[in-house]
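Spelled out, the chains give:
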Amino acid sequence: MTQLTKRASMALAAMLLATGLLGAPQLFAQTHAVATTATQNAEPWWKHAVIYEVYPRSFQDTNNDGIGDLNGITQHLDYLKVLGVDAIWLTPIYPSPQVDFGYDISNYEAVDPQYGTMKDFDHLVAEAKKRNIRIIMDLVLNHTSDKSPWFIESRSSKTNPKRNWYMWHDGTAPGPGHPPNNWQSDFGHSAWEYDAKTGQYYYHKFYIQQPDLNWNNPQVRKAMYGVERFWINRGVDGFRLDAITTLFEDPKMRDDLPVLDANGKQKINEFGDPQLNDTMTNNLPEVHDVLRELRKVSDSYKGRNVVLIGETYLNNIGDLKKMYGANDDELNLPMDMQIGFINKLDVGLFRQRINEAQTEIDGNLPLIVFDNHDNERWDRYGDGTHNQDIGRVLATILFATRDTAMMYYGDEIAMVTTPPTRKEDVKDPVGITGWPKNKGRDGERTPMQWNDGPNAGFTGPNVKPWLPIPPSYKQSNVKTEVADFDSMLNWYKELITLRRDNPAIKDGKNIMLNTSDNNVLSWLRQAPGQPAVVVACNFTAQPQKVSFDLSSQGITSKQAKTLMKTPGSSDPASLDSVNLPPFGVYIGQVQ
């Protein structure tokens, strides 16, 4: 039995146990021990970690109300541990009217009853800690709910002490229909809402029910830094900072400029509005002051290594570099959306952007992500014929590159985007406003597919889940895939295990290879005193043959030991001739 097969067998047995399909506690104890014996060193825990985004509404329902809850996440911690997850990012679980499914927060220091209680949260944190899994909270700093006590006070009168906690402005003329400028909401139409009681407009970068906070107000900053401390004291090990680049707006209130097409005509967006750039409301320099202050709070917890992750959709690698801070004193991990959201299998563009992330951010670690609750799942890269193999390619880039890796629940079982087919079925207000050009985000938020039984095991058999279970659950589910060595689930498990155990993959240099090849993306992972590893991913639907000359990296050997390969493919006789099937992957350790 090869080492690869041994690992696969252990992974399979552990997965079966963790999903309740195998009753061998001593076997799990052995495998569980293997999963926790990573090399210990002084670097922060989040470096090279695997971060798993959980959308709590859709993970596991334990009280049969059709909505996932905190106890459902706790129930599956063993599964996540065996998979190799280091941290769970929870999308918002705070009390909320749920207009934006939790991103409209009315109380930052409590748990919404539909997800459970604070006792349930504390239990989740404690049980996760036993398994060496950290909890990362979603911290929404840009806006609150319009039902927040802060905003209720603010809109009550122009003289209320909290009036200046939000962005209130006079219109260009008295009365409704005359907003202060042309700024638009990211979710469609004007970003200004008229308030008849006080005769002013408030600004909302997102929904009308999500008024923007005024981050020029020191009281707002003090309140939010208090929220940060509250959850760290509760045992949280980090925050994903939602919409962090949108905290500030142009103080001169200048209009955004129109976006023109190739013929110089005004573009129209999917909401039917004139398309504008957002240079007056996004990524203003004042954001960096707040990031430094947030970092001071998190760093004040010595020995905790609290991580700050930023939702950072940026235009170029230079802007991403700035998010780490000139003195590495801002975000620990700004999300690198420039790699995962290329949205086409372009070898040259992937090579360029991966190389930029390795060489142009001052040695910092990139946080690579391919999908999340706001974007279509990985299958947007698919061609309809080779989707599974394309999924393996994307996973290989995510886990075999030098980075911290962020994945979305269900990626590991190849869950696919399943948008609603009728407007009346849409839950996401973005889809209601943008239908049919924009069907909203329901398609990437469907319930986790645990088995091939009723409701995919997400909730009780006679319960209507909050979103429909996709038909794909019959084939793509944990129970089915755990028993299939060639499944996406076992591919993920093997990659994550390799990432943890192989020194070159874990922390070696990332050097792009064969840089003129437009069909195959290849790179070398090389760590001092350790065997180097070659990774090759075929980006085409045709078989490809590649050869590697590693002499410029000081490597003369042409022999490699296969670590992973696309199911059904052959081991190469030498690195002079590596045959890749359509969208095939080869990972080999140089001998």
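Residues numbered from 1 in each chain as written. Predicted model: local features only at pLDDT ≥ 70, side-chain atom pairs only at ≥ 80, totals over all residues. Heavy atoms only, no water.

1. Regarding the overall build of the protein
A count of helical and extended segments in the protein gives 16 helices and 18 strands. A principal-axis box enclosing the C-alpha atoms of the protein has dimensions of 80 × 55 × 50 Å. Taken across its 591 residues, the protein has 61% of its residues classed as buried. Across the protein, contacts joining residues at least 24 apart in sequence account for 69% of those joining residues at least 6 apart. Surface summary for the protein: the accessible area is close to 23,000 Å², and the carbon and sulfur share equals 50%. In the protein, the 60 positive side-chain charges and the 72 negative ones have mean positions that sit 3 Å from each other. (Helix = DSSP H or I, 4+ residues; strand = E, 2+ residues; numbered from the N terminus. Buried < 20%, exposed > 50% of the residue type's maximum accessible area, 1.4 Å probe, protein only. Contact = heavy atoms within 4.5 Å. Areas by Shrake-Rupley, 256 points an atom, 1.4 Å probe, with all protein chains shown as cover. Lys, Arg positive; Asp, Glu negative; His and termini not counted. Charge placed at Lys NZ, Arg CZ, Asp CG, Glu CD.)

2. Thoughts on the pairing of strand 6 (residues 200–203)
Burial of the side chains of strand 6 extends over both faces: Q200 and Y202 are buried on one face and Y201 and Y203 on the other. Strand direction decides the pairing type here: strand 4 (residues 168–169) and strand 6, joined by 2 bridges, are antiparallel. Bridge pairing in strand 6 links W168 to Y202. Counting the residues between successive antiparallel strands, the hairpin from strand 5 (residues 192–195) to strand 6 contains 4 residues, one of them, G199, with a positive phi of roughly 70°. (Pairing = 2+ DSSP bridges.)

3. As for empty space enclosed by the protein
As enumerated under the stated definition, the model contains 1 cavity of 30 Å³ or more in all. Taken as a whole, the largest cavity holds about 90 Å³ of empty space. F370, D371, W378, G391, L394, A395, L398, M406, D411, M488 and Y492 are the residues that line the largest cavity. No other element matches helix 12 (residues 387–400), which puts 4 residues into the lining of the largest cavity. Here the lining of the largest cavity is composed, by residue class, of 8 nonpolar, 1 polar and 2 charged. (1 Å grid on protein atoms, 1.4 Å probe; cavity = no way out; pocket = protein on both sides within 12 Å on 5 of 7 lines; lining within 4 Å. Points joined across faces, edges and corners; volume = space filled by probe spheres on them. Nonpolar A, V, L, I, M, F, W, Y, C, P; charged D, E, K, R; others polar.)

4. Let's talk about the sheet that holds strand 5
Neighbouring strands of a sheet are bound in pairs by backbone hydrogen bonds; such pairs are parallel or else antiparallel. Taken in spatial order, the 3 strands of this open sheet run 4-6-5, and their pairing is antiparallel. Strand pairing shows two members of the sheet lacking a second neighbour, strand 4 and strand 5, which therefore form its edges.

5. Remarks on helix 8 (residues 287–299)
Taking 1.5 Å per residue as the helical rise, helix 8 with its 13 residues ought to reach 18 Å, and the 18 Å between its terminal C-alpha atoms agrees with that figure. Considered for burial, the residues of helix 8 that qualify are V287, H288, V290, L291, L294, R295, V297 and S298. (Expected span 1.5 Å × (residues − 1).)

6. Re the packing of helix 7 (residues 218–233) against helix 8
It is the contact of helix 7 with helix 8, at a shortest axis distance of 10 Å, that shows an interaxial angle of 35°. As helix 7 packs across helix 8, the resulting crossing turns out to be right-handed. Within the contact between the two elements, helix 7 uses R221, Y225, E228, R229 and I232 and helix 8 uses D289, V290, E293, L294, V297 and S298. Partitioned by chemical class, the residues of the contact of helix 7 with helix 8 number 5 nonpolar, 1 polar and 5 charged. (Axes fitted to C-alpha atoms, helices over the stretch in contact; angles between N-to-C directions. Left-handed = near helix turned anticlockwise from the far one by under 90°.)

7. Focus: the sheet that holds strand 18 (residues 585–590)
Strand order in this open sheet of 5 strands is 12-13-14-18-16, and the pairing throughout is antiparallel. The sheet terminates laterally at strand 12 (509–513) and strand 16 (560–565), the two strands that pair on one side only. Strand-to-strand, the axes of this sheet are offset by a mean angle of 25°, without reference to chain direction. In terms of strand pairing, strand 13 (residues 520–526) meets strand 14 (residues 533–538) through 6 bridges, oriented antiparallel. Bridge assignment links S522 to a residue of strand 14, and that residue is A536. Across the face of the sheet, helix 15 (residues 488–501) comes into contact with strand 16 and strand 18 while running at roughly 135° to strand 16.

8. A few points about the packing of aromatic side chains
Counted by the stated rule, this structure contains 30 aromatic pairs. Relative to Y202, the ring of F151 lies with its centre 5.0 Å away and its plane at 70°, an arrangement referred to as edge-to-face. Note that F151 is positioned in helix 6 (residues 149–154) and Y202 in strand 6, a separation of 51 residues in sequence. We note that F151, like Y202, is buried. Seen from their ring centres, F399 and Y492 are 5.4 Å apart, and the 80° between their planes marks the pair as edge-to-face. Separated by 93 residues along the polypeptide, F399 in helix 12 and Y492 in helix 15 bring together distant segments of the chain. Both residues of the pair, F399 and Y492, count as buried. In textbook terms, an aromatic cluster arises when at least three aromatic residues are bridged by ring pairs, as seen for Y94, Y108, F121, W150, W165, F230 and W231. Sitting over the ring of W168, R163 keeps its end group 3.7 Å from the ring centre. (Phe/Tyr/Trp six-rings, centres within 6.5 Å; stacked < 30°, edge-to-face > 60°. Lys NZ or Arg CZ within 6 Å of the ring centre and 35° of its normal.)

9. Topic: unusual backbone geometry
The amide bond that connects W435 to the next residue, P436, takes the cis arrangement and shows omega of 0°. With respect to the secondary-structure elements, P436 resides in the loop between helix 13 (429–434) and helix 14 (478–482). Despite not being glycine, N132 shows a phi value in the positive range, around 60°. The residue N132 is located in the loop between helix 5 (118–130) and strand 3 (134–140) in this model. Phi angles above zero are rare outside glycine, and D328 is one such case at about 50°. As for its position among the elements, D328 is in the loop between helix 9 (317–323) and strand 9 (333–336).

10. Notes on the packing of helix 12 against helix 15
Between helix 12 and helix 15, whose axes approach to 10 Å, the crossing angle comes to 20°. By the angle between their directions, the pair helix 12 and helix 15 is classed as roughly parallel. When you trace helix 12 past helix 15, the crossing you get is right-handed. Across the interface between the two elements, Q388, G391, R392, A395, T396, L398 and F399 of helix 12 pack against M488, W491, Y492, L495, I496 and R499 of helix 15. Residue composition of the contact of helix 12 with helix 15, by class: 8 nonpolar, 3 polar and 2 charged. (Parallel < 35°, antiparallel > 145°, perpendicular 65-115°, else oblique.)

11. Notes on the side chain of N538
The topology assignment puts N538 in strand 14. Classification of N538 as buried rests on a relative accessible area of 0%. Among the polar contacts listed, one links the side chain of N538 to the side chain of T540, at a separation of 2.8 Å. Within the structure, N538 has its side chain in polar contact with the backbone oxygen of P581 (distance 2.9 Å). With residues near it in sequence (within four places) discarded, N538 still touches V393, N519, V520, P543, Q544, L580, P581, P582, F583 and G584. (Polar contact = N/O pair within 3.5 Å; in protein donor to acceptor, adjacent residues only side chain to side chain.)

12. Description of the confidence of the model for the protein
Model confidence for the protein is summarised by a mean pLDDT of 94, while 93% of its residues fall at 70 or above. Across the protein, the secondary-structure element scoring lowest on mean pLDDT is helix 2 (residues 25–35), at 31, and the one scoring highest is strand 1 (residues 50–54), at 99. (pLDDT = per-residue confidence, 0-100.)

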